[in-house]
Amino acid sequence: MERPSDPGGDPELKKRRLLCVAFTSVARCDAAVAQCYLSENDWEMERALNSYFEPPVPESAAESRPESRPESRPESPPESAAGPEPCVDLTNEETTDSVSSKTSTSEGIQQEDGSMFSFITWNVDGLDLNNLQERARGVCSYLTLYSPDVVFLQEVIPPYCSYLKKRAHSYEIITGHEEGYFTAIMLKKSRVKFKSQEIIPFPNTKMMRNLLCVYASISGNELCLMTSHLESTRGHAKERMNQLKMVLKKMQEAPESATVIFAGDTNLRDHEVTKCGGLPSNILDVWEFLGKPKHCQYTWDTQMNSNLGISATCKLRFDRIFFRTAAESGHIVPQSLDLLGLEKLDCGRFPSDHWGLLCNLDVIL
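Predicted, not measured: the structure shown is a model, and the values here were computed from it.

Analysis parameters
- Residues numbered from 1 in each chain as written.
- Predicted model: local features only at pLDDT ≥ 70, side-chain atom pairs only at ≥ 80, totals over all residues.
- Heavy atoms only, no water.
- Helix = DSSP H or I, 4+ residues; strand = E, 2+ residues; numbered from the N terminus.
- Buried < 20%, exposed > 50% of the residue type's maximum accessible area, 1.4 Å probe, protein only.
- Polar contact = N/O pair within 3.5 Å; in protein donor to acceptor, adjacent residues only side chain to side chain.
- Core = buried A, V, L, I, M, F, W, Y, C linked by side-chain atoms within 4.5 Å.
- Contact = heavy atoms within 4.5 Å.
- Pairing = 2+ DSSP bridges.
- Axes fitted to C-alpha atoms, helices over the stretch in contact; angles between N-to-C directions.
- Parallel < 35°, antiparallel > 145°, perpendicular 65-115°, else oblique.
- Left-handed = near helix turned anticlockwise from the far one by under 90°.
- Nonpolar A, V, L, I, M, F, W, Y, C, P; charged D, E, K, R; others polar.

Caption draft 1: Representation of the side chain of Asp 285 in the model. Mapped onto the elements, Asp 285 comes out in strand β9 (residues 284-285). On the basis of relative accessible area, Asp 285 is assigned to the buried category, the value being 4%. Polar side-chain contacts of Asp 285 include one of 3.0 Å to the side chain of Arg 317.

As structure tokens, this is what we get:
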């Protein structure tokens, strides 16, 4: 998704061109269609997307089954007992099973004692609109089950973010952007105290990528939390490695009193890390630190995950966690790593084409 190159043009026109690029990336339509829907909705991205995927239904047909949508648009999810639900308006459901209301008593006790810290990182593949509501619900079920203190997400789109805000109201959600697709960091309000945020742009990205940083604290320990979705595909390796260097530089520049955690979809191949000179001596790869456990090595595995329908077998460790301990002493120590999202949902698909990663850490009081 290359940004328009017209540095001398009207700023408003540039903004609208960028909105068109973002719309086409989500809706998978051509630029003319994107411009039409955006202009009809006052250039508001979420309204335009909802209009595109949820055509108005005549009042007389409001209670009847809507007509089939054009084949060029994604299929809508299966109907619920309450009626058909559009695949992009993800928030049209009851919230009695929200993330905050299903946390078990034993989990609450474990969190309150302050001796454990956990987080999840997951590329949720929001750009795949097929079965998106059921897949988003599947991701939320893991948040309910494990009640992580922090969640790092990539490939979030505005309707997905709205769904999370409604379902996971025990979390504060900080995003790396508001339009197109973006990253997000979720903080459990009862455990993690938010301090500030920062967005570091990647100046040469062709895919709207950046680095989201959140400064927070837990059990008296300062945290610098980072996530990103580094440039995708083999053909963009050079830019991806430049972005990795920016991430590592930012991690080293963080206050020495803070524990620094980067978790996200790096799209990295091992030889690219080597080509960059490897990780700095004070930054570790959590998977390697824990002894390179085989059960959670590959987070993008087309042999096991059929969401993309790729016949070739590709096993890659795209999703990685980098960790820098606080300088004074190691108050937070990684203990375990596991994959999430390995079971198919009722729709016959997995929550994402990536597996999620659950990391548990000890907090030394």
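Caption draft 2: Summary view of the nonpolar core. Residues Phe 23, Trp 122, Leu 153, Val 156, Ile 157, Tyr 160 and Met 186 are the most contacted members of the largest nonpolar core, which totals 45 residues. Beyond its immediate chain neighbours, meaning those up to four positions away, Trp 122 contacts Val 139, Tyr 142, Phe 152, Leu 153, Gln 154, Leu 340, Gly 341, Pro 351, Ser 352, His 354, Trp 355 and Gly 356. Ranked by size, the runner-up nonpolar core spans 30 residues in total, among them Phe 119, Ile 185, Ile 218 and Leu 223.

Caption draft 3: Expanded view of the sheet that holds strand β13 (residues 332-340). The strand order across the open sheet formed by 6 strands is β3-β4-β2-β1-β14-β13, and the pairing between neighbours is mixed. Strand pairing shows two members of the sheet lacking a second neighbour, β3 (171-175) and β13, which therefore form its edges. Adjacent strand axes in the sheet meet at a mean angle of 20 degrees, parallel and antiparallel pairs treated alike. Summarising the sheet, strand β1 (residues 116-123) and strand β14 (residues 356-363) pair through 6 bridges and their orientation is antiparallel. By the bridge assignment, Phe 117 is partnered in β14 with Leu 361. In the packing of helix α6 (residues 158-167) onto the sheet, contacts are made with β2 (150-156), β3 and β4 (182-188), and the angle to β3 comes to roughly 160 degrees.

Caption draft 4: Fine view of the sheet that holds β9. Overall, mixed pairing links the 6 strands, which are arranged β5-β6-β7-β8-β12-β9 in an open sheet. Two strands lie at the open edges of the sheet, namely β5 (192-201) and β9, each paired on one side alone. Together, β5, β6 (210-218), β7 (221-228), β8 (259-265) and β12 (319-324) form the strand contacts of helix α7 (residues 237-253), whose direction differs from that of β12 by roughly 30 degrees.

Caption draft 5: The packing of helix α5 (residues 132-146) against α6, seen in detail. With their axes 11 Å apart at the nearest point, α5 and α6 run at an angle of 45 degrees to one another. With respect to α6, the element α5 is oriented oblique. The element α5 and its partner α6 pack so that their crossing is right-handed. Contacts between α5 and α6 involve Leu 132, Arg 135, Ala 136, Arg 137, Val 139 and Cys 140 on the former and, on the latter, Tyr 160, Tyr 163, Leu 164 and Arg 167. Classifying every residue of the contact of α5 with α6 gives 7 nonpolar, no polar and 3 charged.

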